[in-house]
Amino acid sequence: MKGATIPSVAIMPSPLFLWRFKAVLFLLWGLCCCKISWDSVMRMSVDLRDLFLYEAFLYYNPLLLVALMIWLWGVNLWVFAQSSVNYAKVFDLAQTHLSHREIWRCATWLTLIVPTSMTAYLYLYSHGEVSLAASQPVLLYAILLMILLSPFDMFYLSSRFYFLRTVWRIILPLQAITFPDFFLADIFTSMSKVFSDLERSVCRMVNRQVATTAWFEADSVCGSHSVAIPLVLVFPYLWRFFQCLRQYKDTKEKTCLFNALKYSTAIPVIFLSALKYHVYPDQWVGFYRPLWLISSVINSLYSFYWDIKRDWDLSILTRIFMFKNPSIWTNLLYGQNWVFYWVLGSNLVLRCTWTYKLSAHLRHNYLTVFTIASLEILRRWQWVFFRVENEWNKMTAKQNLEMSSDMPSEGDRLLDSSNHTV
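The shown structure was predicted, so the numbers you read here are calculated from the model rather than taken from an experiment.

1. A closer look at the overall build of the protein chain
- Counting its regular elements, the protein chain contains 16 helices and zero strands.
- Counting across all 422 residues of the protein chain, residues that qualify as buried make up 43%.
- Sequence separation of 24 or more characterises 73% of the internal contacts of the protein chain that already satisfy a separation of 6 or more.
- Split by element, the accessible area of the protein chain, about 23900 Å² in all, is 69% carbon and sulfur.

2. A look at the UniProt feature "transmembrane region" (unreviewed entry) in the protein chain
- Under the present numbering, the feature "transmembrane region" (unreviewed entry) in UniProt falls on residues 21-38, 58-81, 102-126, 138-158, 170-191, 223-239, 260-279 and 291-308.
- Here residues 21-38 is 100% helix and 0% strand, with 26 Å between the C-alpha atoms at its ends.
- Helix makes up 100% of residues 291-308 and strand 0%. Its end C-alpha atoms lie 26 Å apart.

3. A word on the environment of Thr255
- Along the chain, the position of Thr255 falls in helix α10 (residues 254-264).
- You can call Thr255 partly exposed: its relative accessible area is 27%.

4. Concerning the nonpolar core
- Formed by 34 residues in total, the largest nonpolar core has its most connected members in Phe80, Val90, Phe91, Phe183 and Val388.
- Taken together, the elements giving at least two residues each to this core come down to α2 (46-82), α3 (87-90), α7 (179-190), α12 (281-311), α14 (337-357) and α15 (366-406).
- Residue contributions to this core peak at nine residues, all from α15.
- In terms of nonpolar packing, the next biggest core, distinct from the first, is built from 22 residues, Val114, Met118, Leu124 and Ala134 among them.

5. Side note on unusual backbone geometry
- Its identity as a non-glycine residue notwithstanding, Arg208 has a phi of 55°, on the positive side.
- According to the relative accessible area criterion, Arg208 is exposed, its value standing at 75%.

6. Some points on the packing of α7 against helix α9 (residues 228-251)
- Direction vectors running N to C along α7 and α9 enclose 155°, while the axes themselves pass 8 Å from each other. One element, α7, and the other, α9, form an angle in the roughly antiparallel class. Crossing geometry of α7 relative to α9 is assigned as left-handed. Two secondary-structure elements touch here, α7 through Asp181, Phe182, Ala185, Asp186, Phe188 and Thr189 and α9 through Pro236, Tyr237, Trp239, Arg240, Gln243 and Gln247.

7. Re the confidence of the model for the protein chain
- Of all residues in the protein chain, 82% attain a pLDDT of 70 or more, and the chain-wide mean is 82.
- Every residue in residues 417-422 scores below 50 in pLDDT, and together they form zero contacts with partners more than four places removed in sequence or on other chains.

8. A few points about the environment of Phe80
- Within the secondary structure layout, Phe80 lies in helix α2.
- Spatially, the C-alpha atoms of Phe80 and Phe385 are 8.1 Å apart, while their sequence positions differ by 305 residues.

The rules behind the values
- Residues numbered from 1 in each chain as written.
- Predicted model: local features only at pLDDT ≥ 70, side-chain atom pairs only at ≥ 80, totals over all residues.
- Heavy atoms only, no water.
- Helix = DSSP H or I, 4+ residues; strand = E, 2+ residues; numbered from the N terminus.
- Buried < 20%, exposed > 50% of the residue type's maximum accessible area, 1.4 Å probe, protein only.
- Contact = heavy atoms within 4.5 Å.
- Areas by Shrake-Rupley, 256 points an atom, 1.4 Å probe, with all protein chains shown as cover.
- UniProt positions renumbered as here; feature names shortened; annotations may be inferred.
- Core = buried A, V, L, I, M, F, W, Y, C linked by side-chain atoms within 4.5 Å.
- Axes fitted to C-alpha atoms, helices over the stretch in contact; angles between N-to-C directions.
- Parallel < 35°, antiparallel > 145°, perpendicular 65-115°, else oblique.
- Left-handed = near helix turned anticlockwise from the far one by under 90°.
- pLDDT = per-residue confidence, 0-100.

Structure below.
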């Protein structure tokens with residue numbers, strides 16, 4: 001008809017095209033950061049190059065490990081969404097909880113911001129702008145802290161409040177311990193090195209030692225021999241220890257005491273390692289180092305045993321990968337024996353290497369420690385699948401038992417029918 005208006009149709013690019021375009025931009029950004037960082041490092045003198053690389057690594061590696069943990073948590077949620085595990089019910093989440101896509105969006109922004117700040121730090125310092133370089137990690141930490149603590153309804157306020165409330169319940173276990181409480185506290189034990197490096201970084205920022213040589217003195221307040229290092233490392237294990245004691249107070253189950261004993265075995269590993277800087281070398285080699293090795297073996301094997309015996313249910317180890325819709329991942333992982341052996345073997349090996357990152361006298365090998373800390377986060381990511389599934393199975397079994405107990409038996413129904421009058 002003449003005069004009729006034709007509705008305009010918005011032309012949108014396909015999701016696949018957008019994903020490819022974002023991947024290309026991400027790759028170009030990564031190459032630019034690597035190129036600028038490499039050129040900046042090469043401009044430094046050979047004597048100071050390794051020292052300032054170590055310093056830059058100290059400020060930014062804990063945030064990179066946090067980003068890795070967030071990425072992997074998104075993968076956990078994606079797998080739970082594909083399977084029959086109702087993780088929202090396990091964690092008592094609201095209907096507005098973050099999906100795996102929103103988790104990955106947060107991880108993407110953190111992955112972009114942290115290396116960009118690190119590149120700016122190296123570039124500005126190598127070009128003589130020391131004060132501007134020193135401000136980069138300070139600004140980054142301040143911005144992230146303000147976002148985390150912001151009371152305004154932005155940046156997923158309800159999820160941030162849920163996280164901060166759970167952290168508060170972990171630090172002060174004055175109430176009954178719920179599954180989210182000790183689940184997050186267990187994750188914190190895998191990130192104890194992250195907390196230690198964050199403490200070292202904040203110490204240098206507060207004492208204005210960023211981009212200076214003041215912290216090179218190992219015995220200084222922010223040096224590598226500080227007693228604050230083992231204290232921060234031990235906090236996550238103390239939190240879990242007191243949670244177990246609180247659980248025993250509420251339930252009177254002796255397994256809670258054995259679980260508390262498991263976390264207490266990490267304390268000698270941490271403090272015996274820190275003694276290297278406070279005793280004579282002969283005492284360390286002849287007495288304290290053998291004790292440190294023995295305590296490391298005890299802690300690793302005890303933790304491995306507890307994972308297999310208590311935290312996981314090996315009879316249903318791979319049911320988590322039975323997706324509701326057909327998937328290549330189901331064919332690859334569900335019901336496969338190699339998954340069973342991989343989980344057991346990798347968990348044992350990484351439990352043994354895990355004590356390396358708890359040892360303050362080994363932290364100067366920062367690349368090795370970073371690698372081991374990353375592997376520990378991967379081990380924890382793997383642990384999450386089976387721990388959450390085990391909890392979900394316990395919840396469903398309890399519900400089925402309650403339903404069956406509420407239903408009248410056959411004999412009761414016959415008795416009831418015989419009492420009726422016609």
